[in-house]
2 protein chains.
Amino acid sequence: MYATPIGYADTRFETAADAPRQGVETPYAANVQVYESFRGGLVGLEPDDRVVVVWWADDADRDVLAVRDGDRGVFTTRSPARPNPVCITPCELLAVDAADGTLAIRGVDMAHGSPVLDLKPALD
Amino acid sequence: MYATPIGYADTRFETAADAPRQGVETPYAANVQVYESFRGGLVGLEPDDRVVVVWWADDADRDVLAVRDGDRGVFTTRSPARPNPVCITPCELLAVDAADGTLAIRGVDMAHGSPVLDLKPALD
């Protein structure tokens with residue numbers, strides 16, 4: 001299955017190693033920049049909504065199946081190192097500029113430049 | 001970004017139209033069948049864990065950006081019709097057979113045969 005980036009994460013974490021392990025554990029605010037051709041999908045997004053950012057951990061090792069000396073399969077972890085490095089980070093939406101395609105969000109764990117595949121309303 | 005299926009959903013919903021709109025709203029149990037080469041990732045998964053099933057809605061319309069006569073962008077919905085039909089369904093794990101690659105889960109909204117990309121522990 002071929003996934004097309006709808007935008008990218010604009011964050012202060014230069015590499016995956018700089019990023020926190022879990023967005024929900026962090027207070028970091030940053031932006032998602034949505035490409036022009038996908039901005040029609042932003043209509044109706046409002047500040048204070050909670051959104052799930054679906055993104056792709058570009059530089060993750062895709063050949064890892066187990067961690068901790070084989071004691072834990074990767075499907076019991078949220079590590080980006082996994083067969084498909086699709087990451088899902090629930091974030092607080094702080095501000096939306098649909099015309100510009102800029103979303104200010106809080107709770108960020110993406111490295112700068114990570115491709116964003118999707119935005120969904122969070123389930124509470 | 002190219003995503004590789006790690007398995008598929010084995011459910012009683014023959015098509016997407018037969019599947020419920022949200023897994024969390026449904027009591028339906030079914031199975032995820034994990035391909036042999038990815039079963040090493042299942043080590044440590046236990047019944048009663050909550051898992052997020054990341055799957056791909058094969059037959060979704062990928063050209064839709066807005067619904068309800070343009071009033072709502074697709075990024076405000078969980079509809080599979082969206083640029084990248086990556087769906088995320090939190091499920092209750094009922095039973096695991098890691099050797100067979102069979103996971104019995106509850107809270108299912110996948111059409112039968114949908115490719116599964118990932119399994120992650122649910123955040124509570």
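Scroll up to find the structure.
Values in this document were obtained by computation on a predicted structure and should not be read as measured data.

A. Inspection of the sheet that holds strand 8 (residues 115-121) of chain B at higher detail. If you trace the 6 strands once around the closed barrel, you get 1-2-7-6-3-8 (chain B), paired in antiparallel fashion. Ignoring strand direction, the axes of neighbouring strands in this sheet form an average angle of 45 degrees.

B. View of the packing of aromatic side chains. Throughout the structure, instances matching the rule amount to 4 aromatic pairs over all chains. Each ring, one from A:F13 and one from A:Y28, has its centre 5.1 Å from the other, and the planes form 80 degrees; the classification is edge-to-face. Of this pair, A:F13 sits in the loop between strand 1 (7-10) and strand 2 (29-34) while A:Y28 sits in the loop between strand 1 and strand 2, and the two are 15 residues apart along the sequence. Residue A:F13 is classed as buried on the basis of its relative accessible area, which comes to 4%. With centroids separated by 6.1 Å and ring planes inclined at 40 degrees, the aromatic side chains of B:Y8 and B:Y35 adopt a geometry described as tilted. With a gap of 27 residues between them, B:Y8 in strand 1 (residues 7-10) and B:Y35 in the loop between strand 2 (29-34) and strand 3 (50-56) connect regions that are remote in the sequence. Overall, B:Y35 belongs to the partly exposed group, its relative accessible area being 36%.

C. Molecular detail of the pattern of salt bridges. As enumerated under the stated definition, the model contains 6 salt bridges over all chains in all. Two residues, A:R106 and A:E92, come together in a salt bridge whose shortest N-O distance is 3.5 Å. Within this pair, whereas A:R106 is found in strand 7 (residues 102-106), its partner A:E92 is found in strand 6 (residues 86-97), the two being separated by 14 residues in sequence. Residue class for A:R106 comes out partly exposed when judged on its relative accessible area of 36%. Among the residues examined, A:E92 registers a relative accessible area of 28% and is labelled partly exposed. Its salt-bridge partner being B:R82, residue A:D118 comes within 2.8 Å of it at the nearest N-O pair. In this pair, A:D118 sits in strand 8 (residues 115-121) while B:R82 sits in the loop between strand 5 (72-73) and strand 6 (86-97), so the two residues belong to two different chains.

Rules and cut-offs
Residues numbered from 1 in each chain as written. Chains lettered and ligands numbered in written order. Predicted model: local features only at pLDDT ≥ 70, side-chain atom pairs only at ≥ 80, totals over all residues. Heavy atoms only, no water. Pairing = 2+ DSSP bridges. Helix = DSSP H or I, 4+ residues; strand = E, 2+ residues; numbered from the N terminus. Axes fitted to C-alpha atoms, helices over the stretch in contact; angles between N-to-C directions. Phe/Tyr/Trp six-rings, centres within 6.5 Å; stacked < 30°, edge-to-face > 60°. Buried < 20%, exposed > 50% of the residue type's maximum accessible area, 1.4 Å probe, protein only. Salt bridge = Lys/Arg side-chain N within 4 Å of Asp/Glu carboxyl O.

Such coordinate-based values are descriptive only and should not be taken to indicate function.
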